[in-house]
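# Architecture and fold: a report
Listed below are the residues making up each chain.
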Amino acid sequence: MPHLLQSTFLPSTSSSPCLRPTTHSQNRLLHLSRPARRTRISAKIREIFMPALSSTMTEGKIVSWVKSEGDKLSKGESVVVVESDKADMDVETFYDGFLAKIMVEEGGVAAVGSAIALLAETEEEIAEALAKAASSGGGSIEAAPSAEVKEPKAEVEKIVEKVGPPAAEKELKVLGSSVHPASEEGKRIVASPYAKKLAKELKVELGRVVGTGPLGRIVAKDVEAAAAEAATPVAASPSGGAAAKTAAAAAGIALGSVVPFTTMQGAVSRNMVESLSVPTFRVGYTITTDALDALYKKIKSKGVTMTALLAKATALALVKHPVVNSSCRDGNSFTYNSSINIAVAVAIDGGLITPVLQDADKADIYTLSRKWKELVDKARAKQLQPHEYNTGTFTLSNLGMFGVDRFDAILPPGTGAIMAVGASEPTVVATKDGRIGMKNQMQVNVTADHRVIYGADLAQFLQTLAKIIEDPKDLTF
């Protein structure tokens, strides 16, 4: 469910703001994290705040504004797309009104609870909201570095003129236009401030860029794509170094440049540093996969995935070894988790995320496979909800599809163990009768929190897992 933009009246008197309480569980921290300094605005003009989209989110990045300044808004309507530390989410408005002023442009970052826009209750109050916002110098928001500064008077004229025609008439004009999709009747280019700045740096002509943002607006990724496309013809150079640079440019990589972390990369970085405070150890095991491979070939046509099979096998093993599914968060106690939720690491553009197969021990393999495909699609579209990525009790990381035969994984904070799965490969082995034979085998390595899980615990868990995989009849029930 899309999250709601929380906003509040700010009276013009010296009394404290009248906050409307929210019942939305993921926005409870908003009232605690709002800065002391406020934009003093008359009643019926509201600040729209950056919502808390997850329990670990401290700031959010504006991916794109679905609505433009001057647009009429209805309660429950999507207004802005916000990038949290794990996903991009559509955020809805909590009130009716007009989007009077965008205070954090696309690409800008704002702390949770800080103002990102102003909402006027009536069209007549738009000019007043703009004037108040300009006189207060932007209030408490952290504006995007690339935001353009405009004169208040010009801004007022622009917004009042924009809200004049009915919304339906404006939409028909855009849909029926034969001019460039990122222009208004061919008079000007519609692009975010960050996209304009990037175009100057990369020497991209905005008039030749097709926008993919709301109503054809040009956003940063459109400029980067145009720059990469323009660099492609240079590949004719006979020099190996030049060819490498051209390949990097075609992939949108500027060699020698310093690139700041995305919100997701920043979250991954913090989690990895936090994991260093946990004493971990690793145990490896070799598992024969002939029977599992045969089962997979048999039921693959029914939509079953190997990931689902491994998750199901792991969950069934965890049922018999609950300590491996436990977690220690305070250093003084540990919790036997009541559910077996298998998180599986997935690489996505710009980061890593772990969609969660909840109650994997209870779901049948076909349901589990359908759920996994759904989660992967949502992860790649950056549309996972918090409960779909932060409720894992045990994690799988599989690099076998890349031909990796063994590796170690880093323990995610708040969990007890993570298992690294390598590729299943034909291996020459000795049989019990002393003969030499060929079997498909894979290497698994489990990294565990040694405060609560000991070597014998992992050894017994891996023995159970091997028995399930080598005789997988229980996986289809």
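The coordinates are above.
Values in this document were obtained by computation on a predicted structure and should not be read as measured data.

### Considerations on the overall build of the protein chain
For the protein chain, the helix and strand inventory stands at 12 helices and 19 strands. Counted over contacts in the protein chain with a minimum sequence separation of 6, partners at least 24 positions apart contribute 65%. Counting only carbon and sulfur atoms, one obtains 55% of the accessible surface of the protein chain, whose full area is about 24100 Å².

### Observations concerning helix α11 (residues 365-380)
Counted at 1.5 Å a residue, the expected span for α11 with its 16 residues is 22 Å, and the 23 Å between its end C-alpha atoms agrees. The set of residues buried in α11 consists of I365, L368, S369, W372, L375, V376 and A379. When α11 is viewed along its axis, its buried side chains cluster within an angular range of 125 degrees and face the same direction. Turned more than 90 degrees off the buried face of α11, the exposed positions are R370 and D377. Where α11 is buried, its residues meet α10 (306-320), β12 (342-344), β13 (346-348), β14 (351-353) and β15 (356-357). Note on α11: the residue one or two positions beyond its end, K382, has a positive phi of about 55 degrees.

### Describing the pattern of salt bridges
The full count for this structure, using the stated rule, is eight salt bridges. Close ionic contact of E374 with K371 constitutes a salt bridge, the shortest N to O distance being 3.6 Å. On the criterion of helical spacing, the pair formed by E374 and K371 is a turn pair, its members being three residues apart in helix α11.

### Structural notes on the packing of α10 against α11
Contact geometry of α10 with α11 gives a least axis separation of 9 Å together with a crossing angle of 125 degrees. Accordingly, the angle class assigned to the pair α10 and α11 is oblique. Crossing handedness for the pair α10 and α11: right-handed. For the pair α10 and α11, the contacting residues are T307, A308, L309 and K312 in the first and I365, L368, S369 and W372 in the second. Residues that form the contact of α10 with α11 fall into these classes: five nonpolar, two polar and one charged.

### Some details on a nonpolar patch on the surface
On the surface, a cluster of nonpolar side chains totalling about 350 Å² of accessible area is made up of V428, I436 and M438. Here V428 is to be found in strand β18 (residues 425-430).

### Some words on the packing of aromatic side chains
The tally for this structure, following the rule as stated, stands at two aromatic pairs. Measuring from ring centre to ring centre gives 5.2 Å for F334 and Y336, while their planes differ by 70 degrees; the resulting arrangement is edge-to-face. On the basis of relative accessible area, F334 is assigned to the partly exposed category, the value being 37%. For the pair F394 and F461, a centre-to-centre distance of 5.7 Å together with 55 degrees between the ring planes defines the contact as tilted. Residue F394 is found in strand β16 (residues 394-398), and its partner F461 is found in helix α12 (residues 455-470); the two are separated by 67 residues along the sequence. When sorted by exposure, F394 lands in the same class as F461, which is buried.

### Looking at the packing of helix α9 (residues 290-299) against α10
The interhelical angle for the contact between α9 and α10, taken along N-to-C directions, is 130 degrees, at an axis separation of 10 Å. On the basis of the axis angle, α9 is oblique to α10. With respect to the hand of their crossing, α9 and α10 are arranged in right-handed fashion. Taken together, the residues of α10 that come into contact with α9 (itself represented by L292, D293, L295, Y296 and I299) are M306, L309 and L310.

### Side note on the side chain of Q441
Summarising the element assignment, Q441 is placed in strand β19 (residues 436-449). A polar contact of 3.4 Å, which involves the side chain of Q441, links it to the side chain of T288. Discounting residues that sit within four places of it in the chain, Q441 has contacts with T286, I287, T288, T289, A423, S424, E425, T427 and V429.

### Things to note about unusual backbone geometry
With a phi close to 55 degrees, K203 is a non-glycine residue in the positive phi region. A positive phi angle, near 50 degrees, is found at D359, a position not held by glycine. Here D359 is to be found in the loop between β15 and α11.

Procedures and definitions
- Residues numbered from 1 in each chain as written.
- Predicted model: local features only at pLDDT ≥ 70, side-chain atom pairs only at ≥ 80, totals over all residues.
- Heavy atoms only, no water.
- Helix = DSSP H or I, 4+ residues; strand = E, 2+ residues; numbered from the N terminus.
- Contact = heavy atoms within 4.5 Å.
- Areas by Shrake-Rupley, 256 points an atom, 1.4 Å probe, with all protein chains shown as cover.
- Expected span 1.5 Å × (residues − 1).
- Buried < 20%, exposed > 50% of the residue type's maximum accessible area, 1.4 Å probe, protein only.
- Arc of directions from axis to C-beta.
- Salt bridge = Lys/Arg side-chain N within 4 Å of Asp/Glu carboxyl O.
- Axes fitted to C-alpha atoms, helices over the stretch in contact; angles between N-to-C directions.
- Parallel < 35°, antiparallel > 145°, perpendicular 65-115°, else oblique.
- Left-handed = near helix turned anticlockwise from the far one by under 90°.
- Nonpolar A, V, L, I, M, F, W, Y, C, P; charged D, E, K, R; others polar.
- Patch = residues over 30% accessible without salt bridge, like charges linked within 9 Å, V, L, I, M, F, W, Y side chains within 5 Å.
- Phe/Tyr/Trp six-rings, centres within 6.5 Å; stacked < 30°, edge-to-face > 60°.
- Polar contact = N/O pair within 3.5 Å; in protein donor to acceptor, adjacent residues only side chain to side chain.

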